[in-house]
Amino acid sequence: VKGGQQIIDKFSEILGIKPGETSDDGLFTLDALRCIGACGIAPAVQINGQVYPKMTVDQVPTLIEKYKNGGAE
């Protein structure tokens, strides 16, 4: 929805995994869902219950680094 596939593709590219797989370090598992019940904020990413609305491809690397460095504040 609203560019969601490009977001998934960027996560996949950076993490080196496909949807349904887990990164070698065990920190990330990538799942692709059609709906998380938040169409108004699509494309949205959900990590450990935290929703990140209106994601862009350019925001993906920063979000990955945030969680590699200890996660959400």
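This text follows the structure it describes.
The structure presented is a predicted model; accordingly, all values stated were derived computationally and were not measured. (Residues numbered from 1 in each chain as written. Predicted model: local features only at pLDDT ≥ 70, side-chain atom pairs only at ≥ 80, totals over all residues. Heavy atoms only, no water.)

Draft legend 1. Summary view of the nonpolar core. Phe11, Val45, Tyr52, Met55 and Leu63 are the most contacted members of the largest nonpolar core, which totals 14 residues. Elements supplying a minimum of two residues to this core: helix H1 (4–15), strand S1 (45–47) and helix H2 (60–68). The greatest single-element share of this core, amounting to four residues, is contributed by H2. Contacts of methionine 55, omitting those with residues within four sequence positions, involve Ile7, Pro43, Val45, Val60 and Leu63. (Core = buried A, V, L, I, M, F, W, Y, C linked by side-chain atoms within 4.5 Å. Buried < 20%, exposed > 50% of the residue type's maximum accessible area, 1.4 Å probe, protein only. Helix = DSSP H or I, 4+ residues; strand = E, 2+ residues; numbered from the N terminus. Contact = heavy atoms within 4.5 Å.)

Draft legend 2. Examining H1 more closely. The end-to-end C-alpha distance of H1 is 17 Å, a good match for the 16 Å that 12 residues give at a rise of 1.5 Å each. Of the residues making up H1, those classed as buried are Gly4, Ile7, Ile8, Phe11, Ser12 and Leu15. Along H1, the residues classed as buried sweep out an arc of 135 degrees about the axis, all on the same side. Where the residues of H1 are buried, they touch S1 and H2. Looking one or two places after H1, you find glycine 16, whose phi comes out positive at around 70 degrees. (Expected span 1.5 Å × (residues − 1). Arc of directions from axis to C-beta.)

Geometry only, nothing functional implied.
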